[in-house]
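# Reading the structure
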Amino acid sequence: MKSIDKAVELSEQTTRNVFKRNLTRFAAVVLAALAGLVAGPNAALDAAPQHHDQVPGFYRLKVGDLEVTALFDGPGVFDVNWINGEKTRDGVLKAKHDDPHLMDVSDTGYLVNTGKQLILVDTGSGIWFGGGKFGHLVANLRSAGYTPEQVDVVLVTHLHSDHIGGLTTQDGKIVFPNADIYVAKADSDFWLSLEITAKAPTDAQPFFQSAQAIAGPYIKAGKWHTFSDSDQIVDRMQIVPLRGHTPGHTGYEFSSQGRKILFWGDVTHVQRLQLLDPKITVVFDVDPTAASATRDQLLRKLATEDVLIAGPHMLFPGLGRLHKESGTYRWAPVAFTDYWDEK
Ligand SMILES: [Zn+2]
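Below: a short report on this structure. Small disclaimer: the values here were computed from a predicted structure and weren't measured.

### Side note on the overall build of the protein chain
Helix and strand content of the protein chain: nine helices and 13 strands. Per-residue burial for the protein chain yields a buried fraction of 45% across its 343 residues. In the protein chain, the share of contacts with a sequence separation of at least 24, taken over all contacts with a separation of at least 6, comes to 68%. Total accessible area on the protein chain stands at roughly 18300 Å², and carbon and sulfur atoms take up 56% of it.

Next up, the structure:
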């Protein structure tokens, strides 16, 4: 009898224990569900992995019947030490402390499809500038539906390597085999001159050497052409001399159906500084006084005109318009649209 009682007692104990365990599990499930309600409906799912790739680096719009595609070469940060003037540098350093992205820049080239010709304005850095951060222009040109072989004409604003580096590989191969390259005679004469190179300060030497290495294969192939300001190179394009940054620094203004786009090269390097104070110059300006005067004059003009601006160092895609606002300039970037007809 005793053993039966014991067995019953044990069985009841087991039942109680099982009930207790189930109750604990039930409570755990209820608690988890409540926690889910508090944290959001998907809290019970695994966290989504982050993605580190980006949309292709091109942006397309239409100017009249011209198709313009901005081609991203890479992102950069302008060094405070590249600003001229100790006082200005100190001021910029202080401002940068509160605003770490003050000096952010891009490097961009622009492709114009006129319907007859494919014209590239500036080519990015390739491997010649930027310590590996730049050099994505050709990949982005392909993403935009073109090949380097299709480019007919390359117009370069000046012969600094962040604008012409994309022309030539490190081992001296031509990147755009069917293109004719055009540059202002004053720039070509300056950067490709061995006499001027020999007299240039040591820290300026790399600019001369890279220009000569990049231009060399095209000169050899008979594809390097220089122009004077009154020449007509391609239809519906006006040469706009913008001297100062370099001796032959040139903008290119295309017109179509009453609309205009100006590729302005290095009229600005750091948009948030130089639109605020156009007098700020950089160590890369061959003639800082002339560069500043050119900028001042051009910004005044553009602020009163409806001209689309393409600026290689404005933040990508570097396309926008200028407005004057309480004595200073405001950049109005184009708004992203997937309907790419520029109105
Ligand atoms: Zn530049």
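Read on for the rest.
### With respect to helix α9 (residues 288–302)
Compared with the 21 Å implied by 1.5 Å per residue over 15 residues, the 21 Å span of α9 between its first and last C-alpha is a close match. All of the buried residues along α9 are A291, S292, T294, R295, L298, L299 and L302. Each buried residue of α9 lies within a common arc of 160° when the element is viewed along its axis, so the set occupies one face. Of the residues in α9, the exposed ones pointing more than 90 degrees away from the buried face are T289 and Q297. Buried residues along α9 sit in contact with β10 (259–263), α8 (271–274), β11 (308–310), β12 (319–325) and β13 (328–333).

### A few points about the pattern of salt bridges
Scanning all chains against the criterion turns up ten salt bridges. The partner of K185 in a salt bridge is D189, with the nearest N and O atoms 2.7 Å apart. Residue K185 and its partner D189 are located together in helix α5 (residues 185–191), separated by four residues, close to a single helical turn. As a salt-bridge pair, E305 and K301 come within 3.7 Å of each other at their nearest N and O atoms. Of the residues examined, E305 reaches a relative accessible area of 30% and is grouped as partly exposed.

### A look at the sheet that holds strand β6 (residues 180–184)
Strands belonging to one sheet form pairs held by backbone hydrogen bonds; the direction of such a pair is parallel or antiparallel. If you walk across this open sheet you meet the seven strands as β1-β2-β3-β4-β5-β6-β7, and the pairing is mixed. Each of the sheet's edge strands pairs with one partner strand only, and the pair in question is β1 (58–63) and β7 (224–227). Neighbouring strand axes in the sheet, compared pairwise and without regard to direction, differ in orientation by 25° on average. Bridge analysis of strand β4 (residues 118–121) against strand β5 (residues 153–155) gives three bridges, and the strand direction is parallel. Of the residues in β5, the one forming a bridge with L120 is V154.

### A short note on the coordination of the zinc ion
In the first shell of the zinc ion, the protein supplies D162 (OD), H163 (NE2), D266 (OD) and H313 (NE2), at 2.1 to 2.2 Å from the metal. Here the donor residues of the zinc ion share one chain and are spaced in sequence as D-H-x102-D-x46-H. Taken as a pair, D266 in the loop between β10 and α8 and H313 in the loop between β11 and β12 lie far apart in primary sequence, 47 residues in all. Each member of the pair, D266 together with H313, is buried.

### What to know about the packing of aromatic side chains
One pass over the full model with this rule turns up 14 aromatic pairs. A ring pair is formed by F190 and W191, whose centres lie 4.9 Å apart and whose planes are at 90°; its orientation type is edge-to-face. Across the pair, W191 and F190 agree in class, each one buried. Centre to centre, the rings of W191 and F208 are 4.7 Å apart; their planes meet at 50°, and the pair counts as tilted. A residue pair is termed long-range when its members are at least 10 positions apart, and W191 in helix α5 and F208 in helix α7 (residues 205–220) qualify at 17 residues. Each member of the pair, W191 as well as F208, carries the same accessibility label: buried. Each member of the aromatic cluster is reached from another via a ring pair, and the members are F78, W82, F207 and F284.

Each value, and the rule that gives it
Residues numbered from 1 in each chain as written. Predicted model: local features only at pLDDT ≥ 70, side-chain atom pairs only at ≥ 80, totals over all residues. Heavy atoms only, no water. Helix = DSSP H or I, 4+ residues; strand = E, 2+ residues; numbered from the N terminus. Buried < 20%, exposed > 50% of the residue type's maximum accessible area, 1.4 Å probe, protein only. Contact = heavy atoms within 4.5 Å. Areas by Shrake-Rupley, 256 points an atom, 1.4 Å probe, with all protein chains shown as cover. Expected span 1.5 Å × (residues − 1). Arc of directions from axis to C-beta. Salt bridge = Lys/Arg side-chain N within 4 Å of Asp/Glu carboxyl O. Pairing = 2+ DSSP bridges. Axes fitted to C-alpha atoms, helices over the stretch in contact; angles between N-to-C directions. Donors = N, O, S within 2.8 Å, 3.2 Å for Na, K, Ca; no water. Phe/Tyr/Trp six-rings, centres within 6.5 Å; stacked < 30°, edge-to-face > 60°.

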